Amino acid sequence: MPLPKISAVLLGLLACNTVYYILSGRFSEALESVAWYALLILFVLEITRPRLAASAMARKMMRLGRLMATLAIAASAVLYAREREWLDAANLLLWIAVVALLEIEVQRPAAVAAHPKAYARTAVVLYAALASLVVVWLINGKWMNAWDATVWLAAFGLLELNMLQQAENLFNKNR
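Rules and cut-offs
Residues numbered from 1 in each chain as written. Predicted model: local features only at pLDDT ≥ 70, side-chain atom pairs only at ≥ 80, totals over all residues. Heavy atoms only, no water. Salt bridge = Lys/Arg side-chain N within 4 Å of Asp/Glu carboxyl O. Helix = DSSP H or I, 4+ residues; strand = E, 2+ residues; numbered from the N terminus. Buried < 20%, exposed > 50% of the residue type's maximum accessible area, 1.4 Å probe, protein only. Phe/Tyr/Trp six-rings, centres within 6.5 Å; stacked < 30°, edge-to-face > 60°.

Chemist: How should I be thinking about the pattern of salt bridges in this particular structure?
Modeler: Close approach of charged atoms allows side chains of opposite charge to pair. Taken as a whole and assessed by the stated rule, the structure comprises three salt bridges. For R26, the salt bridge goes to E83, with nearest N and O atoms at 3.1 Å. Of the two residues, R26 is situated in the loop between α1 (4-24) and α2 (27-48) and E83 in helix α4 (residues 56-83); the sequence distance between them amounts to 57 residues. We classify E83 as partly exposed; its relative accessible area is 31%. Residue R26 is classed as partly exposed on the basis of its relative accessible area, which comes to 29%.

Written out as structure tokens, the structure reads:
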């Protein structure tokens, strides 16, 4: 992630938010928070530690970790629907789209390098939709949800910028 000090602060804040949801939130919120935090750490490791990601065992462990986190996120979506927490469910679906985009960027950097503007536009639309949910939570007086969403947006925004920068470097290198 760019700006290592800011990234470290964001990771720390997200860890605190995760602990908050584990201690004070509904089970669905705690499960979702832990799963997203695990996915973020896995993405950061894969991007910032390419030698680690090159190891066959590490790749298997990262895939297993992503699979487990994905299953936990899917379970959270079901729980949100059962709880009739539609705003949380919408937020979750938007984040799934963001992670799908990031996964493409990690697994298929050449595709991103070939179409950087399309990926950037898609990312902007997704992040704008997520930012609009922050406003809705603020209007509804859900301060912790708004805070948590804002910190996640900042963390994934930095991650996205890093991925797009890597794609641009790859594109320029291949020219």
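So much for the structure itself; the text now carries on.
Chemist: Before we go on, may I ask you to explain the packing of aromatic side chains in this structure?
Modeler: The description of an aromatic ring pair uses the distance of the two centres, along with the angle that the planes make with each other. Taken as a whole and judged by the stated rule, the model has five aromatic pairs. Ring centres of W36 and W95 lie 6.4 Å apart, and the angle between their planes is 55 degrees; this geometry places the pair in the tilted category. Highlighted residues: W36 in helix α2 and W95 in helix α5 (residues 86-107), separated in sequence by 59 residues. Neither residue differs from the other here; W36 and W95 are each classed as buried.

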